[in-house]
Amino acid sequence: MSADDLAEPPPPRAQDGPPAARPAGRLPRGRFPALRDGAGGAGASAGTGPRTGLLAGCAAAAVLLVAGSPWAAHPAVQAWRTVTVAVTVQALPFLLLGTALSGAINAFVPERWFTRALPRRPVLAVPVAGAAGMVLPGCECASVPVAGSLIRRGVAPAAALTFLLSAPAVNPVVLTATAVAFPGSPEMVAARLLASLMAAVVMGWLWLRLGREEWIRLPARRGHRPGHGRWEEFRLGFQHDFLHAGGFLVVGAAAAATVNVAVPRSVLEAFAGSPWLSVLFLAALAVVLAVCSEADAFVAASLTGFSPTARLVFMVVGPMVDLKLIALQTGTFGRAFAVRFSAATAVVAVVAGVVTGWWLL
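Quick notes on the rules
Throughout, residues of each chain are indexed from 1 in the direction in which the sequence is written. Given that the model is predicted, a residue must reach a pLDDT of at least 70 before its local features are reported, and side-chain atom pairs must reach 80 or more before they are shown or counted; all residues, however, enter totals for whole chains, interfaces and linings. Calculation of side-chain values draws on the structure's entire complement of heavy atoms; hydrogens and water are dropped beforehand. Each residue gets a pLDDT score, which is the predictor's confidence in that residue and runs from 0 to 100. Note on contacts: a residue pair is in contact if any heavy atoms of the two residues lie within 4.5 Å. Note on definitions: angles span 0 to 180 degrees between N-to-C directions of axes, and those axes are lines fitted to C-alpha atoms, for helices only across the stretch in contact. Counting from the N terminus, the helices are DSSP H or I runs at least four residues long and the strands are E runs at least two residues long. In this scheme, roughly parallel covers angles under 35 degrees and roughly antiparallel covers those over 145, while 65 to 115 is roughly perpendicular and the rest are oblique. Each crossing gets its handedness from the near helix: less than a right angle anticlockwise from the far helix is left-handed, clockwise is right-handed. Each residue gets one of three labels, nonpolar for Ala, Val, Leu, Ile, Met, Phe, Trp, Tyr, Cys and Pro, charged for Asp, Glu, Lys and Arg, and polar for the others, Gly among them. The term salt bridge refers to a side-chain nitrogen of Lys or Arg lying within 4 Å of a carboxyl oxygen of Asp or Glu. For each residue, the accessible area found with a 1.4 Å probe, counting protein chains only, is set against the maximum for its type, and the residue is called buried under 20%, exposed over 50%, and partly exposed in between. Helix span is expected to be 1.5 Å times the residue number reduced by one. Under the pairing criterion, centres of Phe, Tyr and Trp rings, with the six-membered ring standing for Trp, must be within 6.5 Å; the plane angle then separates stacked pairs below 30 degrees from edge-to-face pairs above 60, leaving the rest tilted.

What follows covers the confidence of the model for the protein. Per-residue confidence for the protein gives a mean pLDDT of 75, with 69% of residues at or over 70. Confidence drops under a pLDDT of 50 for residues 1-56, and excluding neighbours within four residues, the segment shows 74 contacts in the predicted structure. Confidence drops under a pLDDT of 50 for residues 222-227, and excluding neighbours within four residues, the segment shows six contacts in the predicted structure.

Between helix α7 (residues 157-170) and helix α9 (residues 186-210), the shortest axis-to-axis distance is 8 Å and the interhelical angle comes to 165°. In this view, α7 runs roughly antiparallel relative to α9, as classed from their interaxial angle. Crossing geometry of α7 relative to α9 is assigned as right-handed. Only Arg-192, Leu-193, Ser-196, Leu-197, Ala-200, Val-201, Met-203, Gly-204, Trp-207 and Leu-208 of α9 make contact with α7, whose side of the interface consists of Pro-157, Ala-158, Leu-161, Thr-162, Leu-165, Ser-166, Ala-169 and Val-170. The residue inventory of the contact of α7 with α9, partitioned by class, reads 13 nonpolar, four polar and one charged.

Here the structure, examined in full by the defined rule, presents three salt bridges. Across the salt bridge formed by Arg-192 and Asp-296, the nearest N and O atoms sit 2.9 Å from each other. Linking Arg-192 in helix α9 with Asp-296 in helix α13 (residues 296-302), this pair joins segments that are 104 residues apart in sequence. The exposure classification of Arg-192 matches that of Asp-296, with both residues buried. The residue Arg-235 makes a salt bridge to Glu-232 at a minimum N-O spacing of 2.7 Å. Residue Arg-235 and its partner Glu-232 are located together in helix α10 (residues 230-262), separated by three residues, close to a single helical turn.

Look at helix α6 (residues 140-152): 19 Å from first C-alpha to last across 13 residues, which is about the 18 Å you get at 1.5 Å a residue. The element α6 is extensively covered by neighbouring structure, given that 13 of its 13 residues are classed as buried. Downstream of α6 by a residue or two, Gly-154 has a phi angle that is positive, lying close to 100°.

Attention now moves to the packing of aromatic side chains. Per the counting criterion, the structure on display carries seven aromatic pairs. Aromatic pair Trp-207 and Trp-215: ring centres 6.0 Å apart, planes at 65°, arrangement edge-to-face. Each member of the pair Trp-207 and Trp-215 is classed as buried. Grouping aromatic residues by their ring pairs yields a cluster made of Trp-207, Trp-215, Phe-333, Phe-337 and Phe-341.

The following block contains the structure:
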């Protein structure tokens with residue numbers, strides 16, 4: 001008799017029940033290996049390695065910012081430093097809000113609540129999640145960790161991703177800021193609401209149709225354990241999410257500042273004369289400027305040389321796809337997800353903005 005014959009057989013693997021036995025708006029437990037307690041593998045490595053390298057890069061960047069090198073006094077370097085700090089400081093309160101809300105969801109909200117709040121069919125849960133984004137006054141930095149926490153709690157990824165896109169674009173704070181930036185133009189506020197909600201819901205439905213679970217690699221994080229206090233769990237979850245996303249935020253802000261300083265104003269004027277090029281240019285500009293959704297309406301209002309539709313596209317694309325958001329998505333969901341999702345979202349957001357602008361503006 002061999003040693004293999006004496007070895008204890010592995011425990012039987014629990015089989016998922018039939019599809020009809022599970023709520024359609026929920027994920028079956030265990031389908032994301034990186035989310036299991038103590039899980040390693042691709043999911044864990046995707047969350048640990050990049051974070052360590054990026055945080056080290058952020059520390060090196062901080063040293064360069066405060067170094068007394070001769071080139072640090074150059075106007076372009078000073079402008080880059082100012083923009084980097086401004087974008088980071090502007091987004092930091094909302095990142096704090098998002099990570100705090102993410103930790104609270106993970107620690108205090110029971111999983112059964114999401115089953116009751118969302119329709120059982122994912123195709124219906126997507127528009128409901130999009131409408132739920134109207135009640136959260138935050139920016140994209142807050143929505144990314146919240147969406148990750150929702151997926152951990154069993155919410156269907158399509159619904160969580162729809163919320164990720166809609167929350168920073170259609171909440172009351174953003175719509176109020178848009179009304180202030182465009183006085184006497186209620187059609188611009190309505191167009192932003194409609195185009196942003198349309199883009200978010202379409203992306204949710206596209207994920208249902210084309211998305212793959214292996215593209216999402218959430219960092220491993222333990223759930224609630226007996227004897228582990230809820231407040232302690234909240235503290236650990238908040239600390240994990242904030243440190244993990246903070247490094248990616250700084251990297252994204254530095255990238256946005258680099259493009260912001262490098263693009264001369266004469267380039268803006270060259271593109272303003274063409275209806276189609278102006279739309280594409282402002283869409284690309286929204287990606288690289290990475291302006292917070294609460295402030296981007298004022299930037300759009302200042303671009304008076306561009307058409308209303310082009311400025312609408314700027315406001316629709318920015319809260320859904322920008323450099324710091326791509327960096328945050330990479331740190332939260334993995335590179336494979338961020339590349340595919342950001343590219344698809346950019347196309348859908350531009351189309352939604354153009355169609356809505358042609359109709360309402």
